[in-house]
Amino acid sequence: MASLQISGSVRLEPLVGFNRTGHFRPISSLGFSRFRPRFSNIGIGRPLLLLRSSSFSGDKSVASGESKGDDKGFVRDAQRDGSASVLGFQLSPPGDEEISTTRHQEEKREAINETEMADFGVPGNRAVEKGAAKVGVTINKAQVINNLVFVTSEAAPYSKTGGLGDVCGSLPIALAVRGHRVMVVSPRYQNGTAADGNYARAKDLGVRVTVHCFGASQQVSFYHEYRDGVDWVFVDHQSYHRPGNPYGDSKGAFGDNQFRFTLLCHAACEAPLVLPLGGFTFGEKSLFLVNDWHAGLVPILLAAKYRPYGVYKDARSILIIHNLAHQGVEPAATYSNLGLPSEWYGAVGWVFPTWARTHALDTGEAVNVLKGAIVTSDRIITVSQGYAWEITTVEGGYGLQDLLSSRKSVINGITNGINVDEWDPSTDEHIPFHYSVDDFSDKVKCKMALQKELGLPIRPECPMIGFIGRLDYQKGIDLIQTAGPDLMVDDIQFVMLGSGDPKFESWMRSMEETYRDKFRGWVGFNVPISHRITAGCDILLMPSRFEPCGLNQLYAMRYGTIPVVHGTGGLRDTVENFNPYAEGGAGAGTGWVFSPLSKDSMVSALRLAAATYREYKESWEGLMRRGMSRNYSWENAAVQYEQVFQWVFMDPPYIK
């Protein structure tokens, strides 16, 4: 969609396209919704003039008109869909009659000063410098600028249950720093806790969109906050207002999650068309980055609902897979709820293998949203190179390995970064002592403070092992449970932080009662405690069965804590196995990678790490120094994402 250019000398008059109250009155439905944006919410203090061309023929030259004052305004490039309905306007200020549209766009954007750009929600230099500091990215502009639309079920600091929230809270800022225009679309959760305050700065845009799904018309609204060079857009609906986390509560997953995230996807497709952020919409040539199954309907909607009518014909979509195990599978009868044409059932249709069916008469038919996203997205990214390969195997494909193998040519793995401002041992507000790669002598003080806080014997010479994560099968907790008695024989201390399966929570409590001087288990999740465990422990254990990327091992290495990990996915990609004989005896590596996934191999790796800590201090300090010296910022990931952005526009979009 053509951009909407803003000039301070242009005045709003109730002419064509607007009614007498100043609300936009679409000549025909824009996209597939009805909406009424109030321009008073754009944040522009000066009025606009919109004048219609005499013919609306699409010519570059249009008729001009006089306002009540001396100002003149021009509409250039009134963009239409296939039925000649106007989809967007491009405004020209007075005196630019002879300037071509392309030149006008480039020159007028450069002419607006930095303060005005920041006020409009467009990332000027000062706006993105703030974001750069937060994610540890140096300002290095991209060669090709894109309109990027992230669609996600969670984005930190507004909502977060795991790595998905971290990624969608940091990567958009890193890309905005590099010059891209970025929007993040996520639900506006209200669960009646202090977390509701995260949305306090987001303002209602006054835009109402009607979504047709689940056999009815649903109205959603949009809230907006401009922060760190990114437009954070929150879809508001009553289904997002309930106690619990984004997906469920203490009783389990919400039964209407398919409905809630179908709404999100429909609203996200409309957002670039109807939201005048910073005075102009993102438009049709947007690049959607859809995250996991919750946003998986977006590429299907683009192909099935929009492109057949000439809308989003220049848009592209990239599916980012954070965890293939969650696919958004529901009974086949729910297909009609998704708001898709009937002939598109094959995109999401799914049949369970015989062994996975509930009874002999079960046909196994279902709809699989993630499968549809894999089929219709233009490219696919996973959160590590190792995981990009694993999802094409029987062991890691969760039934989608054949489909993913057929699309192997468009799959790329990009390892996540971390927020190096939040996770910095030299400035971390959650730890009692600070240290750096140049002087990590105070790390042992963090260890002693943690031992005191947890009521363990204060023994700086004793190796301390930590675990931080969900207590479930994926994270290998059953392996730790089995190995517990063997490990407690050794002279070590073990600290665990996490919540999840009640049986593992009970096991942690019983271990603490049995081994009072060696084991501590913190049931729940606490951000300050997670920072103190990361800084205070000597070793971080991650025996995950599969790990698409993993962030805790990156945090650990940045804090000089040595990871011991199972060789899978992102863990294998990011942790280099220790070799004391490399580099002429100086050593190489940043941790221990064990395989296969068994109790014996895990215990062996932990005992080797503990022995190195006790007996080979020089080698241990080398491990710490190499880990702390690595660059874990989002800048490296952002550059790799930009390469995929270039590739995705080389080929035509998906069309059935």
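Our subject is the structure that appears above.
Basis of the calculations
- Residues numbered from 1 in each chain as written.
- Predicted model: local features only at pLDDT ≥ 70, side-chain atom pairs only at ≥ 80, totals over all residues.
- Heavy atoms only, no water.
- Helix = DSSP H or I, 4+ residues; strand = E, 2+ residues; numbered from the N terminus.
- Buried < 20%, exposed > 50% of the residue type's maximum accessible area, 1.4 Å probe, protein only.
- Pairing = 2+ DSSP bridges.
- Axes fitted to C-alpha atoms, helices over the stretch in contact; angles between N-to-C directions.
- Contact = heavy atoms within 4.5 Å.
- Core = buried A, V, L, I, M, F, W, Y, C linked by side-chain atoms within 4.5 Å.
- Phe/Tyr/Trp six-rings, centres within 6.5 Å; stacked < 30°, edge-to-face > 60°.
- Lys NZ or Arg CZ within 6 Å of the ring centre and 35° of its normal.
- Right-handed = clockwise from strand over helix to strand, strands pointing away.
- Salt bridge = Lys/Arg side-chain N within 4 Å of Asp/Glu carboxyl O.
- Parallel < 35°, antiparallel > 145°, perpendicular 65-115°, else oblique.
- Left-handed = near helix turned anticlockwise from the far one by under 90°.
- Nonpolar A, V, L, I, M, F, W, Y, C, P; charged D, E, K, R; others polar.
- Polar contact = N/O pair within 3.5 Å; in protein donor to acceptor, adjacent residues only side chain to side chain.
- Expected span 1.5 Å × (residues − 1).
- Patch = residues over 30% accessible without salt bridge, like charges linked within 9 Å, V, L, I, M, F, W, Y side chains within 5 Å.
- Areas by Shrake-Rupley, 256 points an atom, 1.4 Å probe, with all protein chains shown as cover.

**Student:** I'm lost on the overall build of the protein in this one. Help?
**Tutor:** When helices and strands are tallied, the protein shows 20 helices and 23 strands. Counting only residues that meet the buried cut, the protein has 58% of its 656 residues in that class.

**Student:** What exactly am I supposed to notice about the sheet that holds strand β11 (residues 286-291) here?
**Tutor:** Note on sheets: strands pair through backbone hydrogen bonds, and any given pair is parallel or antiparallel. Strand order in this open sheet of nine strands is β6-β7-β8-β5-β4-β11-β12-β16-β17, and the pairing throughout is mixed. The open sheet has two edge strands with one neighbour each: β6 (203-213) and β17 (411-413). The sheet shows a mean angle of 25° between the axes of neighbouring strands, direction not considered. Pairing between strand β5 (residues 181-187) and strand β8 (residues 230-236): six bridges, direction parallel. Of the residues in β8, the one forming a bridge with Val-182 is Val-230. In this fold helix α6 (residues 297-306) packs onto β4 (147-151), β11 and β12 (316-321), with an angle of close to 140° to the strand it touches most, β11.

**Student:** Quick question: what am I supposed to make of unusual backbone geometry here?
**Tutor:** Among all residues except glycine, the phi angle is most often negative; among peptide bonds, the trans geometry is most common. In this structure, Pro-157 follows Ala-156 across a cis peptide bond, with omega equal to 5°. Put simply, Ser-595 and Pro-596 share a cis peptide bond, and its omega is 5°. Inspection of the secondary structure assignment puts Pro-596 in the loop between β23 (592-594) and α18 (599-615).

**Student:** Help me out: how do you make sense of the nonpolar core in this one?
**Tutor:** Here is a general trend for soluble globular proteins: nonpolar side chains tend to be buried in one another's company. Within the largest apolar cluster, 104 residues are counted, with the highest numbers of intra-cluster contacts made by Val-151, Val-185, Phe-222, Leu-275, Phe-288, Val-298 and Leu-404. The leading source of residues in this core is helix α5 (residues 257-274), at 11 residues. In this structure Leu-275 touches Leu-205, Val-207, Phe-222, Val-233, Phe-280 and Thr-281, once residues within four positions along its chain are discounted. Core analysis: the next-biggest nonpolar cluster, separate from the first, contains 54 residues, Phe-440, Phe-504, Met-542 and Phe-578 among them.

**Student:** For this particular structure, what's the right way to read the packing of aromatic side chains?
**Tutor:** Any aromatic ring pair is given by two values, namely how distant the centres are and how the planes are angled relative to each other. Scanning all chains against the criterion turns up 22 aromatic pairs. Their ring planes at 65° and their centres at 5.3 Å tell us that Phe-578 and Trp-592 sit as a pair that is edge-to-face. Of this pair, Phe-578 sits in the loop between α17 (569-574) and β23 while Trp-592 sits in strand β23; the two residues are 14 residues apart in sequence, bridging distant segments of the chain. The class of Trp-592 is buried, set by a relative accessible area of 5%. Between Arg-188 and the ring centre of Tyr-223, over which it is positioned, the NZ or CZ distance is 4.0 Å. The ring of Phe-261 carries Arg-260 above its face, with NZ or CZ at 5.5 Å from the centroid.

**Student:** Where do I start with the pairing of strand β19 (residues 493-498) in this structure?
**Tutor:** Side chains on a regular strand alternate between the two faces of the sheet. The buried fraction of β19 is high, at six of six residues. Side chains Gln-493, Val-495 and Leu-497 of β19 all project onto a buried face; the interleaved residues Phe-494, Met-496 and Gly-498 project onto the opposite face, where all are buried too. In this sheet, β19 lies alongside strand β18 (residues 464-468) in parallel orientation, the contact comprising five bridges. By the bridge assignment for β19, Phe-467 is matched with Met-496. Once you follow β18 into helix α13 (residues 477-489) and on to β19, the crossover reads as right-handed. In this region the chain leaves β19, passes through helix α14 (residues 502-514) and returns to the parallel neighbour strand β20 (residues 519-523); the handedness of that crossover is right-handed.

**Student:** It is not clear to me how the sheet that holds strand β13 (residues 329-331) should be interpreted in this structure. Could you clarify?
**Tutor:** With antiparallel pairing, three strands are arranged side by side in an open sheet as β13-β15-β14. Each edge of the open sheet carries a strand with a single partner, namely β13 and β14 (349-351). In this sheet, neighbouring strand axes are inclined to one another by 45° on average, regardless of whether the strands run parallel or antiparallel. By the bridge criterion, three bridges tie β13 to strand β15 (residues 365-368) in an arrangement that is antiparallel. Across the sheet, the residue bridging to Val-329 is Asn-368, located in β15.

**Student:** Quick question: what am I supposed to make of the pattern of salt bridges here?
**Tutor:** Opposite charge on two side chains allows them to pair when their charged atoms are near. Under the counting rule described, the total for this entry stands at 21 salt bridges. Glu-461 is the salt-bridge partner of Arg-459, the closest N and O atoms lying 3.1 Å from each other. Put simply, Arg-545 and Asp-478 hold a salt bridge, and the shortest N to O gap is 2.7 Å. One end of the pair, Arg-545, is in the loop between β21 (539-542) and α16 (552-558); the other, Asp-478, is in helix α13, and 67 residues separate them in sequence. Asp-478 gets classed as partly exposed once you look at its relative accessible area, which sits at 21%. Connected via shared salt-bridge partners are Arg-459, Glu-461 and Asp-491.

**Student:** Please explain the packing of α5 against α6 as it appears in this structure.
**Tutor:** Helix-helix packing is characterised by the crossing angle of the two axes and by the distance between the axes. The interhelical angle for the contact between α5 and α6, taken along N-to-C directions, is 60°, at an axis separation of 9 Å. Our classification of the angle between α5 and α6 gives oblique. Every pair of crossing elements has a handedness; the one defined by α5 and α6 is right-handed. Residues Thr-262, Cys-265, His-266, Ala-268, Cys-269, Glu-270 and Leu-273 of α5 pack against Leu-297, Val-298, Leu-301, Leu-302, Lys-305 and Tyr-306 of α6. Of the residues contributing to the contact of α5 with α6, the split by class is nine nonpolar, two polar and two charged.

**Student:** Please explain the side chain of Glu-547 as it appears in this structure.
**Tutor:** By the element assignment, Glu-547 lies in the loop between β21 and α16. The exposure class of Glu-547 is buried, given its relative accessible area of 6%. At 2.9 Å, the side chain of Glu-547 forms a polar contact with the side chain of Lys-475. Sequence-distant contacts of Glu-547, that is, excluding residues within four places in its chain, are made with Gln-474, Lys-475, Met-542, Thr-568, Gly-569, Gly-570 and Leu-571.

**Student:** Got a minute to help me understand α18 in this structure?
**Tutor:** Think of an α-helix as 3.6 residues a turn; residues three or four steps apart then line up on the same face. Taking 1.5 Å per residue as the helical rise, α18 with its 17 residues ought to reach 24 Å, and the 24 Å between its terminal C-alpha atoms agrees with that figure. What α18 keeps buried is the set Ser-601, Met-602, Val-603, Ala-605, Leu-606, Ala-609, Ala-610, Thr-612 and Tyr-613.

**Student:** Would you mind showing me how to read the side chain of Lys-443 here?
**Tutor:** Inspection of the secondary structure puts Lys-443 in helix α12 (residues 443-454). Discounting chain neighbours no more than four positions away, the residues touching Lys-443 are Tyr-435, Thr-534, Ala-535, Gly-536, Cys-537, Tyr-559, Gly-560, Thr-561 and Met-624.

**Student:** I would appreciate a short explanation of helix α19 (residues 617-629) in the present structure.
**Tutor:** The end-to-end C-alpha separation of α19 is 18 Å, in line with the 18 Å expected for 13 residues at 1.5 Å each. Turning to α19, its buried residues number three or more, namely Trp-620, Gly-622, Leu-623, Met-624, Gly-627 and Met-628. On its buried face, α19 sits against α12, β21, α16, β22 (562-566), β23 and α18.

**Student:** Is there a simple way to explain the environment of Leu-277 in this structure?
**Tutor:** Relative to the helices and strands, Leu-277 is located in the loop between α5 and β11. Expressed as a C-alpha distance, the spacing of Leu-277 and Asp-231, which sit 46 residues apart in the sequence, is 7.5 Å.

**Student:** Which parts of the structure should I look at to understand a nonpolar patch on the surface?
**Tutor:** Where nonpolar side chains cluster on the molecular surface, the patch consists of Val-444, Met-448 and Ile-458 and spans about 220 Å² of accessible area. Along the chain, the position of Val-444 falls in helix α12. What makes Val-444 partly exposed here is its relative accessible area of 34%.

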